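Chains, contacts and geometry: an overview
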Amino acid sequence: MAAPTLRQLDSPFQKIPLIQRRWTNSPAGAMPLVGPLIDSFGRIHKSLRVSLTDRCNLRCTYCMPEEAAFLSGEHLLTGRQIGEVVEVGVALGLDKIRLTGGEPLLRKDLVDIVNQLGQIKGIRDLSLTTNGILLKDLVRPLLLAGLNRLTISLDTLIENTFSRLSRRQGLDRVLEGIAAAKDAGFQGTKLNAVILKGINETEIIPLAAFARENNLTLRFIESMPIGADPWDRQAMVSGQEIKKILEDMWGPLIPEPNQNPHAPAMDFHFADRLGRIGLIMSVTRPFCGQCDRLRLTADGKLRNCLFSLQETDLRDCLGSSSDGNELKLRFRQSVWEKWEGHEINSARFLKPERTMHAIGG
Ligand code: SAM
Ligand code: SF4
């Protein structure tokens, strides 16, 4: 395949012959230099998750180690650099931007970043994922700055379980943040929950009841092998198991009509229409075939998959002297080289060196 040279910097994995392994079903052809961001399997990319920091005020066991080495400030993209990357991505067809981390609310210039991104024409959906700890006081500034939607992580309603899972305290602050988001008038707020056997599986019904009472969408994410500890597949509670538990309690979950085929969640509602449920079955029902997502790490590396072993550095082609062409080329090349799937269920799976908090969830 003839394609412009890609500069993949700083990845210890560059020497591993991955491309051959991952590309076995890739159709031959040259990377297009015009048109949408398309990969070699024909998937058009519309969505970018932007990590604002790898730091976090929690230490969720499934996400990161207790002791993490964080990026120092000078390695983080500035707000202006983030704006530059997003603007070029939008010019290439991205229209869905999610701010994440680490914990994005730790970023002091967060409201300015949202303000800046909110002015980029072509963004259809500007959202943010947070653990909610610092949300209460930031809800209104974020809404005024132009944020469209919030996703708040909530794995439990019990403080002891919260501190066991997150190695920190603060459930009451998360709940205050959720209430504040509602009071401020945020629409379409979602809750994310990761359920682990023996830890919070008894929370499935209480969390769903909470979502129903507050008319929120609760999404259950299957635990993925992207944390610091060795992944225990047996500890994962599958989407199907969760669905059965919910249906035993409230009756059949009815699939939402007109689901976005590129959204990771399969969405359902209950017959009484109180609350909604999303099942993100990345492990038991991978949605790689419909994936339209890219990720930008806080230090400016573009990743074409959460489980990618290679990254494309964007940072060194940012700045006033750049005409944007090199940046566009790197976007295109990264997307073109995307693997067919994440391989979690195959013997070929290799866990990326970065854990979730350092990639951007
Ligand atoms: N700190 C913010 C938060 O917790 O919402 C944003 C970043 S966090 C990495 C984004 C989402 O990734 C969270 O909802 C979290 O539950 C999820 N997550 C983290 N590690 C995961 C794993 N190993 N498997 C599945 N989901 C995970
Ligand atoms: Fe922090 Fe979010 Fe990871 Fe929990 S899931 S440790 S809140 S980044």
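Please refer to the structure placed before this passage.
Attention in this report is confined to the structure presented alongside it. (Residues numbered from 1 in each chain as written. Chains lettered and ligands numbered in written order. Predicted model: local features only at pLDDT ≥ 70, side-chain atom pairs only at ≥ 80, totals over all residues. Heavy atoms only, no water.)

1. Here's the deal with the packing of aromatic side chains
Tallying each qualifying case throughout the model produces two aromatic pairs. Ring geometry for Phe307 against Phe349: centres 5.6 Å apart, planes inclined by 70°, an arrangement best described as edge-to-face. Within this pair, whereas Phe307 is found in the loop between strand S11 (301-303) and strand S12 (312-313), its partner Phe349 is found in the loop between helix H9 (325-336) and helix H10 (356-359), the two being separated by 42 residues in sequence. Phe349 shares its class with Phe307; the two are buried. (Phe/Tyr/Trp six-rings, centres within 6.5 Å; stacked < 30°, edge-to-face > 60°. Helix = DSSP H or I, 4+ residues; strand = E, 2+ residues; numbered from the N terminus. Buried < 20%, exposed > 50% of the residue type's maximum accessible area, 1.4 Å probe, protein only.)

2. Observations regarding the pairing of strand S2 (residues 96-100)
In terms of residue burial, S2 counts as a mostly covered element, since four of its five residues are buried. Here strand S1 (residues 47-51) pairs with S2 via five bridges, running parallel. Across the sheet, the residue bridging to Leu48 is Ile97, located in S2. Across four bridges, S2 lies against strand S3 (residues 125-130) in parallel orientation. For Ile97, the partnering residue across the bridge sits in S3 and is Leu126. On the question of chirality, the crossover connecting S2 to the parallel S3 by way of helix H3 (residues 110-118) is right-handed. (Pairing = 2+ DSSP bridges. Right-handed = clockwise from strand over helix to strand, strands pointing away.)

3. Description of the pattern of salt bridges
Side chains carrying opposite charge are able to pair once their charged atoms draw close together. The full count for this structure, using the stated rule, is 20 salt bridges. One salt bridge in this structure joins Arg354 and Asp299, with 3.1 Å as the shortest N-O distance. Here the residue Arg354 occupies a position in the loop between H9 and H10, and Asp299 occupies one in the loop between strand S10 (293-296) and S11, the gap between them amounting to 55 residues. Of the two residues examined, Arg354 and Asp299, each falls in the buried class. Arg354 is the salt-bridge partner of Glu311, the closest N and O atoms lying 2.7 Å from each other. Of this pair, Glu311 sits in the loop between S11 and S12 while Arg354 is found in the loop between H9 and H10, placing the two residues 43 residues apart along the sequence. Here Glu311 falls in the buried class, since its relative accessible area comes to 8%. Taking the relative accessible area as the measure of exposure, Arg354 reaches 17% and is therefore buried. It is possible to trace a salt-bridge network through shared partners that takes in Asp299, Arg303, Glu311 and Arg354. (Salt bridge = Lys/Arg side-chain N within 4 Å of Asp/Glu carboxyl O.)

4. Here's the deal with the site of ligand 1
The environment of ligand 1 is formed by 19 residues, the closest being Tyr62, Gly102, Ser153, Asn192 and Met224. Here Tyr62 contributes a backbone N or O atom positioned 2.8 Å from a nitrogen atom of ligand 1. Met224 places a main-chain nitrogen or oxygen 2.9 Å from a nitrogen atom of ligand 1. Look at ligand 1: alone it shows 540 Å² of surface, and the protein chains cover 95% of it. Those elements that place two or more of their residues in the shell around ligand 1 are S3 and strand S5 (190-194). The class makeup of the residues in the shell around ligand 1 is seven nonpolar, 10 polar and two charged. (Near = heavy atom within 4 Å. Polar contact = N/O pair within 3.5 Å; in protein donor to acceptor, adjacent residues only side chain to side chain. Areas by Shrake-Rupley, 256 points an atom, 1.4 Å probe, with all protein chains shown as cover. Nonpolar A, V, L, I, M, F, W, Y, C, P; charged D, E, K, R; others polar.)

5. Quick word on the sheet that holds strand S4 (residues 149-153)
With mixed pairing, the 12 strands of this open sheet are ordered in space as S7-S8-S9-S6-S5-S4-S3-S2-S1-S10-S11-S12. Looking at strand neighbours, the two that pair on one side only are strand S7 (254-255) and S12, the edges of this open sheet. With five bridges joining them, S5 and strand S6 (residues 217-221) adopt parallel strand pairing. Paired with Ala193 across the strands is Phe220, a residue of S6.

6. Considering the layout of surface pockets
Quantified by volume, the largest pocket comes out at close to 460 Å³. Listing elements by their share of the lining of the largest pocket, those giving two or more residues are S1, S2, S3, S6 and strand S8 (266-269). A class-by-class count of the residues in the lining of the largest pocket yields six nonpolar, five polar and 13 charged. (1 Å grid on protein atoms, 1.4 Å probe; cavity = no way out; pocket = protein on both sides within 12 Å on 5 of 7 lines; lining within 4 Å. Points joined across faces, edges and corners; volume = space filled by probe spheres on them.)

7. Considering the site of ligand 2
Close to ligand 2 lie Cys56, Leu58, Arg59, Cys60, Cys63, Met64, Gly102 and Asn131. Its residues assigned to classes, the shell around ligand 2 shows five nonpolar, two polar and one charged.

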